Every structure is written in structure tokens, then in C-alpha cells.
Amino acid sequence: KGDSGLSEVNLMKKQVSDLEGQLRALQASFSKYQKVAAFPGGRIVGNKVFVTSGYEGTFDDLKQKCLQAGGQLAAPKNAVENTAVQQIVVQHNKSVFLGVTDIQTEGKFRYLNGDAIVYSNWLQGEPNNEKGRENCVEVYVNGKWNDRACGEKRLILCEF
Ligand code: GMH
Ligand code: CA
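Attention in this report is confined to the structure presented alongside it. Residue numbers restart at each chain and count upward from 1, following the sequence in its written direction. Here every chain gets a letter starting at A, and every ligand a number starting at 1, in the order they are written. The model is predicted, so local features are restricted to residues of pLDDT at least 70 and side-chain atom pairs to those at 80 or more, both for listing and for counting; the totals for chains, interfaces and linings are taken over all residues. Note that water and hydrogens are dropped before the side-chain values are worked out from all heavy atoms of the structure.

A word on the pattern of salt bridges
It is possible for side chains bearing opposite charge to pair when their charged atoms get close.
Now for step 1: A pairing counts as a salt bridge when a side-chain nitrogen of Lys or Arg comes within 4 Å of a carboxyl oxygen of Asp or Glu. One pass over the structure, following the stated rule, counts seven salt bridges.
Now for step 2: A salt bridge links Lys-48 to Glu-159; the shortest N-O distance between them is 3.1 Å. With Lys-48 in strand β2 (residues 48-51) and Glu-159 in strand β10 (residues 158-159), the pair connects residues that are 111 residues apart, well separated along the chain.
Now for step 3: Each residue is placed in one exposure class: buried if its accessible area under a 1.4 Å probe, protein chains only, is under 20% of its type's maximum, exposed if it is over 50%, and partly exposed if it falls in between. When its relative accessible area of 14% is taken as the criterion, Lys-48 is described as buried.
Now for step 4: Note on Glu-159: relative accessible area 7%, which makes it buried.
Now for step 5: The salt bridge partner of Glu-138 is Arg-154, with a shortest N-O separation of 2.6 Å. Numbering of helices and strands runs from the N terminus; a helix is a DSSP stretch of H or I covering at least four residues, while a strand is a stretch of E covering at least two.

Regarding the side chain of Asp-102
Now for step 1: Relative to the assigned elements, Asp-102 resides in strand β5 (residues 96-105).
Now for step 2: It is Arg-110 that comes nearest to the buried, bridge-free Asp-102 among opposite-charge side chains, at 9.5 Å.
Now for step 3: Whenever two N or O atoms come within 3.5 Å, that pair is a polar contact, provided that in protein one can donate a hydrogen and the other can accept it, and provided that, for residues adjacent in sequence, both atoms are side-chain atoms. Separated by 2.7 Å, the side chain of Asp-102 and the backbone nitrogen of Gly-107 make a polar contact.
Now for step 4: Residues count as neighbours in contact if any of their non-hydrogen atoms are within 4.5 Å of one another. Once residues lying within four places of it in the same chain are set aside, the contact partners of Asp-102 are Gly-107, Lys-108, Phe-109, Glu-134 and Asn-135. For this count, His and the chain ends are skipped, Lys and Arg are scored as positive, and Asp and Glu as negative.

A few points about the state of the cysteines
Now for step 1: Note that a disulfide, as used here, is simply two cysteine sulfur atoms within 2.5 Å. Taken as a whole, this structure holds two disulfides when the rule is applied.
Now for step 2: Here Cys-66 engages in a disulfide with Cys-158; their sulfurs sit 2.0 Å apart. Its S-S torsion of about -90° marks the bond between Cys-66 and Cys-158 as left-handed, since a negative value means left-handed. Of this pair, Cys-66 sits in helix α2 (residues 59-68) while Cys-158 sits in strand β10, and the two are 92 residues apart along the sequence.

Given below as C-alpha cells:
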């Protein structure tokens, strides 16, 4: 074998240091694009980016637009994410529809992938399924949730 083992180690050292350089460049680039994604009104929470285009529409309309953009309707899964959503609602002074419905089973709220919700922030007295017609969920400026008819128009908020 001779010193071929050593030169292999040296080759790998070179490859690792090349990768370290590429990783640093990627991290710098990623950090820049996170800022781009959050400007002017977006919010970054962990790996999630919440963004609105300012468009208003019905639930089906908003859902489709988020999917078309490669994201999905926002679905805050903890209080920190919900606060980020609330801040966007406050900024626009318009309620958003979440990616949460009880369309499948009345009273059982699920994400759009069918999973049961793990977090909620219902206003006291909600969800009340008023007139038996409320299967979607809006977020008020106080961050609280209300079930609302899916045919109403609300501000779009996607998560990526
Ligand atoms: C009813 C009442 C209100 C409540 C609305 C809301 C509609 O009109 O209970 O207090 O704000 O329903 O739940 O989605
Ligand atoms: Ca309601």
C-alpha cells in the first residue's frame, strides 16, 4: 500500500475544507434570502416563513394560491408561530384564513393534510359553527381564532 493511505487522507482533508467553504457560502446566501423572504411584512419562525401578498379571497381560493406558490396556508402550531401570524394580521388590519378546517368531521379541526390540530387559540365561545356553516378558521387582530364560513373573503397568508 505504501503511502497511498496518507495521500487518501490528504485528499479527504482537501475535500472537507472545500465543503466547509461551500457550506459557509451557502449559509451566508441562505441568511440573505431569509431577510428577502421576510421583507417587508413576512415573519420567520424557526424553519417557517409566513408571507402574505395582500390578496383577499375565499378559503379555496387562498388555499390554491398558496399551493401554486409552493407553500400552503399558514397553520401556526405553537404560540410563537401564532404571534407571528397575529403580527401580520395587525399590520394589515385584516383577518387571515388558516390552513385548518373541520370540513371532514364537524367539530374536529384538522390541518389540510388531515392530521388533527396540535395547537389552537380559540376566542372564548368559539368554535360555535354559527348557523351550522362555519368550517374554516380566521385569526383576529388579538391573535384569537374564530371559526368562519369558508366562502367569506379573508387575507391570504401562506407558510413556506
Ligand atoms: C355569533 C355570536 C358572536 C360571534 C359570532 C362568530 C361568527 O354571531 O356568537 O358573538 O362573534 O357568532 O362566532 O363566526
Ligand atoms: Ca364562529
